[in-house]
Amino acid sequence: MPRLKTTVLITAAALIASAGTALAKPQADTNNDGMISKAEFTASADTKFTDTDSDFDGVLTKDEMRAAHERRKTDRAERKFTDQDLNGDGVISKSEYETKRAERSEKMKIRRDLNKDGQVDKADREMRKAKRKERKADRKVTRANHDKRIKRDANGDGVITRAEFDTATDAMFMRLDANADGVLTKGEGKKRGKKRRRGSRR
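Residues numbered from 1 in each chain as written. Predicted model: local features only at pLDDT ≥ 70, side-chain atom pairs only at ≥ 80, totals over all residues. Heavy atoms only, no water.

1. Considering the overall build of the protein chain
The cut-off we apply is this: Going along the chain from the N terminus, every DSSP run of H or I of four or more residues is numbered as a helix, and every run of E of two or more is numbered as a strand. The buried label goes to any residue with under 20% of its type's maximum accessible area, the exposed label to any with over 50%, and the partly exposed label to all in between, with areas taken from a 1.4 Å probe on protein chains only. Working rule for contacts: check all heavy atoms of both residues, and any pair within 4.5 Å makes them a contact. Only the protein chains shown count as cover for residues, and the accessible areas themselves come from Shrake-Rupley with a 1.4 Å probe.
Within the protein chain one finds seven helices and four strands. Reading the protein chain from its N terminus to its C terminus gives the helix and strand order α-β-α-β-α-α-α-β-α-β-α. Here the protein chain holds 202 residues, and 27% of them are scored as buried. Once local pairs closer than 6 in sequence are excluded, the contacts in the protein chain between residues at least 24 apart make up 48%. Within the structure as shown, the protein chain displays about 13500 Å² of accessible surface, and the carbon and sulfur contribution to it stands at 53%.

2. A word on the nonpolar core
Put simply, the rule is: The nonpolar core is taken to be a set of buried Ala, Val, Leu, Ile, Met, Phe, Trp, Tyr and Cys residues, with the residues joined through side-chain atoms within 4.5 Å.
By size, the foremost hydrophobic cluster in this structure holds seven residues: A28, I36, F41, M172, F173, L176 and L184. The biggest single contributor to this core is helix α6 (residues 162–176), with three residues. Residues A45, F49, M65 and I160 belong to the second largest nonpolar core, which totals six residues.

3. Here's the deal with the packing of aromatic side chains
Note the threshold: Between rings of Phe, Tyr and Trp, where Trp is taken as its six-membered ring, a pair exists when centres lie within 6.5 Å; planes separated by under 30 degrees are stacked, by over 60 edge-to-face, and by other angles tilted. Charge-over-ring contacts are defined here by two conditions on Lys NZ or Arg CZ: a distance within 6 Å of the ring centre and an angle within 35 degrees of the ring normal.
Within the structure shown, the criterion is met by two aromatic pairs. Seen from their ring centres, F49 and F165 are 5.1 Å apart, and the 65 degrees between their planes marks the pair as edge-to-face. Taken together, the residues F49 in helix α2 (residues 38–52) and F165 in helix α6 connect sequence positions 116 residues apart. Between R162 and the ring centre of F49, over which it is positioned, the NZ or CZ distance is 4.6 Å.

4. Things to note about the packing of α2 against α6
To keep things clear, this is the line we draw: Working convention: axes come from line fits to C-alpha atoms, limited for helices to the stretch in contact. Angles between N-to-C directions cover 0 to 180 degrees. Every angle not falling under 35 degrees, over 145, or within 65 to 115 is termed oblique; those three ranges are roughly parallel, roughly antiparallel and roughly perpendicular. Put simply, a crossing is left-handed when the front helix is turned counterclockwise from the back one by less than a right angle, and right-handed when it is turned clockwise. All residues other than Ala, Val, Leu, Ile, Met, Phe, Trp, Tyr, Cys, Pro, Asp, Glu, Lys and Arg, Gly among them, are scored as polar; the first ten of these are nonpolar and the last four charged.
Relative to each other, α2 and α6 sit at 140 degrees, their axes nearing to 10 Å. Looking at the two axes, α2 sits oblique to α6. Note that α2 runs across α6; the crossing there is right-handed. On the side of α2, the interface is formed by K38, F41, A45, D46 and F49, while α6 contributes R162, F165, D166, T169, D170, M172, F173 and L176. A class-by-class count of the residues in the contact of α2 with α6 yields seven nonpolar, one polar and five charged.

5. A look at the environment of T42
Along the chain, T42 turns up in helix α2. On the basis of relative accessible area, T42 is assigned to the partly exposed category, the value being 25%.

6. Side note on a positive patch on the surface
Stated precisely, the cut-off is as follows: For patch detection, residues must exceed 30% relative accessible area and be free of salt bridges, and they are connected within 9 Å for like charges or within 5 Å for nonpolar side chains (Val, Leu, Ile, Met, Phe, Trp, Tyr). Counted as salt bridges are all cases of a side-chain nitrogen of Lys or Arg within 4 Å of a carboxyl oxygen of Asp or Glu. Two residue types count as positive, namely Lys and Arg, and two as negative, namely Asp and Glu; His and chain ends fall outside the count. In this description, the location of a charge corresponds to atom NZ of lysine, CZ of arginine, CG of aspartate or CD of glutamate.
Positive charge collects at one region of the surface, where K107, R111, R112, K116 and K186 lie side by side. Considering the arrangement of structural elements, one finds K186 in the loop between β4 (183–184) and α7 (190–200). With relative accessibility at 72%, the residue K186 sits in the exposed group.

7. Topic: helix α3 (residues 62–84)
Under the convention used in this document: Helix span, as expected, comes to 1.5 Å for every residue beyond the first.
End to end, α3 covers 33 Å across 23 residues, agreeing with the expected 33 Å (1.5 Å per residue, within 8%). Those residues of α3 lying buried are E64, M65, A68 and Q84.

8. A few points about the pattern of salt bridges
Here the structure, examined in full by the defined rule, presents six salt bridges. With its nearest N and O atoms 3.4 Å apart, the salt bridge here joins K38 to D170. A residue pair is termed long-range when its members are at least 10 positions apart, and K38 in helix α2 and D170 in helix α6 qualify at 132 residues. What makes K38 partly exposed here is its relative accessible area of 32%. The closest approach of N and O atoms between E98 and R101, which form a salt bridge, is 2.8 Å. Note that E98 and R101 are positioned in helix α4 (residues 94–112) at a spacing of three residues, about one turn of the helix. Residue class for E98 comes out partly exposed when judged on its relative accessible area of 31%. With a relative accessible area of 43%, R101 lands in the partly exposed category. Sharing partners across several salt bridges, the network here consists of D46, R162 and D166.

9. Description of the side chain of D113
Mapping D113 onto the fold places it in the loop between α4 and α5 (122–145). Comment: no salt bridge for buried D113; closest opposite-charge side chain is K116, at 5.9 Å. Those residues in contact with D113 that sit more than four places away from it in its chain are G118, Q119, V120 and D124.

Put into structure tokens, the structure is as follows:
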């Protein structure tokens, strides 16, 4: 496959797949009901397309997607720095770093304490294991009902049109919606996304 087309496909995959992280962003849940509907998911993807299409010509090129990727990296780094710079003086002290690390550790403990008994023990680990098995079974059913391949550049011309992007966005939503109920709840698609990223490094 030509380098241009390969780069475009990989970058577009990341762009479209990033819509799957919408659950981590409160602004994506516009009605604040704790779930992402198909309409909200699509609106989030529309925003990403518009922000990426810098010349507003209705197609995404390699350069546009690469530039958008770099902007998102910079924005994430700035948000992370601001979050850790507790007193806003432009530097992160050891005290600030330790404070944020303790906060993250406590949040992780709360998430892992599934039975809410104040400690993370064998019972919690067994519950997590059962939940993973349940999600795996749900994904297996979903994959049996939908094509595993999500084609971005459908006509192979090296750019992503709005129609191609919308089609891929719909397919991505169906892939993430493991129980096919029309909404994304916390955790749906998350584990699978991590597995794909690990595999992409091989």
